[in-house]
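Each chain, letter by letter, is given below.
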Amino acid sequence: MTRSRTLTLVSAVVAVLAAGGAALAARGGDDRSAAAPRPAASSAPPVRVVQPGRPGESARVSDSDRVRAPDGSTYNAIDVAFVQMMIAHHRQAVEMAQLAPERAGGTGLRALAARISAAQGPEITWLQRWLRERKLAETDPGHDHSTMPGMQTPADLTALAAARGAEFDRRFVTMMTAHHRGAIQMAGDVLQGGSDQLLRETANEMAVEQGSEIRRMQQL
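Read on for a plain summary of the structure. Computed from a predicted structure; not experimentally measured.

Taken as a whole and judged by the stated rule, the model has two aromatic pairs. When the ring of Y75 is compared with that of W130, the centres are 5.5 Å apart and the planes differ by 75 degrees; the resulting orientation is edge-to-face. Taken together, the residues Y75 in strand β4 (residues 74–75) and W130 in helix α4 (residues 107–133) connect sequence positions 55 residues apart. With a relative accessible area of 5%, Y75 lands in the buried category. Directly above the aromatic system of Y75 lies the positively charged group of R134, at a separation of 5.5 Å from the ring centroid.

Dropping the structure here:
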């Protein structure tokens, strides 16, 4: 990753965390049920993985932080956890965004929701392919997705689906801002501890994009 791209992410994170908190407090009003970002796990110990051998060869066991992908790149347990969790994280964002066309009061918010769906849908597909190429499961039973930073509760989602017009817009901005801030936090974890260079670049781009969308929601 180039120094300039890393600095871009750092600037985005600083701007979001400094300005975003005040914006959320100001916009929250009575909507205090929206989930706030929760701490992300900063690291994960390597896990033992079984690597299938070539035809006629035996499988071998290795630590996940020493595994090489088919393209020769390396990845570790932090990379794997990020991809598995981000799939579920993105799915919730898309679920929220798909409520907007019939409920949002403002055209600007409907356009932003469409942009979120258009960006995160293909990213889910890319993350799923990353796991398939490494013969890894899409989910880990040990992950509690409800504790991921920025994840919204079922009650929050129900309230959002029931809202219309300005009330929907207010809830959506509050919830999606928290959701995006959580994704930026998770991206920071893989940037600090991950081994897959392409995945780190992708996480950086996700964080920059979602930082831009947070600023747009603050304007709305």
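Read on for the rest.
With that settled, consider the pattern of salt bridges. One pass over the full model with this rule turns up eight salt bridges. Residue R91 pairs with E138 through a salt bridge whose shortest N-O separation is 2.7 Å. Of the two residues, R91 sits in helix α2 (residues 77–97) while E138 sits in the loop between α4 and α5 (154–162), which places them 47 residues apart along the sequence. In this structure, R129 and E133 form a salt bridge, with 3.9 Å as the shortest nitrogen-oxygen distance. Of this pair, R129 and E133 both sit in helix α4, separated by four residues, roughly a single helical turn. Taking the relative accessible area as the measure of exposure, E133 reaches 41% and is therefore partly exposed. Linked through salt bridges whose partners overlap, the residues forming this network are R129, E133, R134 and D196.

About the cut-offs
Residues numbered from 1 in each chain as written. Predicted model: local features only at pLDDT ≥ 70, side-chain atom pairs only at ≥ 80, totals over all residues. Heavy atoms only, no water. Phe/Tyr/Trp six-rings, centres within 6.5 Å; stacked < 30°, edge-to-face > 60°. Helix = DSSP H or I, 4+ residues; strand = E, 2+ residues; numbered from the N terminus. Buried < 20%, exposed > 50% of the residue type's maximum accessible area, 1.4 Å probe, protein only. Lys NZ or Arg CZ within 6 Å of the ring centre and 35° of its normal. Salt bridge = Lys/Arg side-chain N within 4 Å of Asp/Glu carboxyl O.

Keep in mind these numbers describe shape, not what the thing actually does.
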